[in-house]
Amino acid sequence: KPLIISGPPGVGKSHLAHIFFDKRGNEILGKHFERLKENEERKFDQGNYMIPKAHFITLSPKLSNEIKERVEDYYLGSTKPAEIKSWNIQDFLMVLGSKLELELKVTLNFKRFCSRLREFERQRREKFTKFSKQSLWKEYEKMVITRNGKRRSKEEYKKSFPEYLRLFDNQSCEKWYEFVKHIPREEKTLSEISNLAIRKICEIYKEGTLEEREAIKVLESDILVIDEIQDLSVPIIMLLLILHRKPVRNVMIAGDEEQAMAFEGFKW
C-alpha cells in the first residue's frame, strides 16, 4: 500500500519526502538504509546502478522550491540513491505537454472561475446567493466535468445525479447551465487537462512508437510523493499514478482535509 500521511499545518508532512526518497531509493538499489546524520557523507559508485527516478509533486511552486532546498541540505555532499526532482503541477504539465505535443495549460482555475462568475452575475443582475463560490466551483469540477474530462449537458447533469446530490434542482439548474455556457469551452480545468494527457499516454503505452515511449520516460517515476493532495482532483492523481513504474508502496501521499483551498468536502 502507499504511505499516507495526514496532519495539520507545521507538523512536517512535506519534509518527510526526502527521507522517503532516501529509504526507497536505497531499497531499489539493494542497499542498507540508515538515515543520514548531520554532517555525515555517504558515497557509492553510481556506475553499476540504474538510478531510480524520484518525483515530488504539489500544486504550490513555493513548496516545490522548498523541497528542492531541503533535499540538497539533507544530502550535502552525499551520493543520492535516486534522481530527485521537485515539480509543481503547472511545470510538470508544461513539460509533459511538450513531450506529448499537446497544449496542457490549465486555463480555468478557481480564480478564473470566480472572475467568470462575477461577469455573469453582473450581466444578469442577479447572484447565486444561496451558495459559496467554493461550492459552485466544486459543483462545476465534480458534477459538470466528468472524470473523462467531458462537460455534461444540462440533461446529463439532471440524469446523472438525483436532486438531493446536486446543488441545483431541476428548476434552478436552468440558471446554473446558463452560467456553465458562459464559460468558453477552450477554458479547461486541471481535471480536463489531466484527462487529455491520460488518453494520449494510454495510446502511447498501447501502440506508440519507441521514440514516443522514450519521450515520456523523463516524467515517469520509480518513487513518487504527491503533496497537498486535498487540492488535487482525481484525474491528476490518476495521471501521476499512470506514470509511476514501481509498486504503490513506493508512493507517498500527504495532505490535510482541513486545508482544502478551492473546494469543500475533501475525503481521503
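Since this is a predicted model, take the numbers as computed values, not measurements.

## Comments concerning a positive patch on the surface
Argument step 1. Judged by side-chain charge, R118, R122, K127 and K133 come together as a positively charged surface patch.
Argument step 2. Relative to the elements of secondary structure, K133 occurs in helix α5 (residues 133-144).

## Brief notes about the confidence of the model for the chain
Argument step 1. When pLDDT is averaged across the chain, the result is 90; 96% of the residues are at 70 or more.
Argument step 2. Across the chain, strand β4 (residues 223-226) holds the top mean pLDDT of 97, while α5 sits lowest at 90.

## So, the sheet that holds β4
Argument step 1. Read from one edge of the open sheet, 5 strands run β1-β5-β4-β2-β3, paired in parallel fashion. Edge positions in the sheet fall to β1 (3-6) and β3 (83-88), since each of these pairs with one other strand and no more. Neighbour-to-neighbour, the strand axes of the sheet open up by a mean angle of 10 degrees, direction not taken into account.
Argument step 2. Bridging between β1 and strand β5 (residues 251-255) involves 4 bridges; their strand directions are parallel. Residue pairing in the sheet places S6 in a bridge with G255 of β5.
Argument step 3. Helix α1 (residues 17-28) contacts β1, β2 (53-58), β3, β4 and β5 of the sheet and is inclined by roughly 165 degrees relative to β4.
Argument step 4. Sitting on the sheet, helix α10 (residues 234-242) is in contact with β2, β4 and β5, with an inclination near 165 degrees to β4.

## Considerations on a negative patch on the surface
Argument step 1. The grouping of E101, E203, E207, E211 and E212 at the surface amounts to a negative patch.
Argument step 2. Of all the secondary-structure elements, those providing two or more residues to the negative patch are α8 (190-207) and α9 (210-215).
Argument step 3. Relative to the elements of secondary structure, E207 occurs in helix α8.
Argument step 4. For E207, a relative accessible area of 66% translates into the label exposed.

## Thoughts on the packing of helix α3 (residues 89-100) against α10
Argument step 1. Remark: α3 packs on α10, axes separated minimally by 13 Å, with the N-to-C direction vectors making an angle of 55 degrees. Considering the angle they form, α3 stands oblique to α10. Once α3 is placed against α10, the crossing between them reads as left-handed. Here α3 contributes I89, F92, L93 and L96 to the contact with α10, which in turn contributes I236, L239 and L240.

Reading the values: rules and limits
- Residues numbered from 1 in each chain as written.
- Predicted model: local features only at pLDDT ≥ 70, side-chain atom pairs only at ≥ 80, totals over all residues.
- Heavy atoms only, no water.
- Patch = residues over 30% accessible without salt bridge, like charges linked within 9 Å, V, L, I, M, F, W, Y side chains within 5 Å.
- Areas by Shrake-Rupley, 256 points an atom, 1.4 Å probe, with all protein chains shown as cover.
- Salt bridge = Lys/Arg side-chain N within 4 Å of Asp/Glu carboxyl O.
- Lys, Arg positive; Asp, Glu negative; His and termini not counted.
- Charge placed at Lys NZ, Arg CZ, Asp CG, Glu CD.
- Helix = DSSP H or I, 4+ residues; strand = E, 2+ residues; numbered from the N terminus.
- pLDDT = per-residue confidence, 0-100.
- Pairing = 2+ DSSP bridges.
- Axes fitted to C-alpha atoms, helices over the stretch in contact; angles between N-to-C directions.
- Contact = heavy atoms within 4.5 Å.
- Buried < 20%, exposed > 50% of the residue type's maximum accessible area, 1.4 Å probe, protein only.
- Parallel < 35°, antiparallel > 145°, perpendicular 65-115°, else oblique.
- Left-handed = near helix turned anticlockwise from the far one by under 90°.

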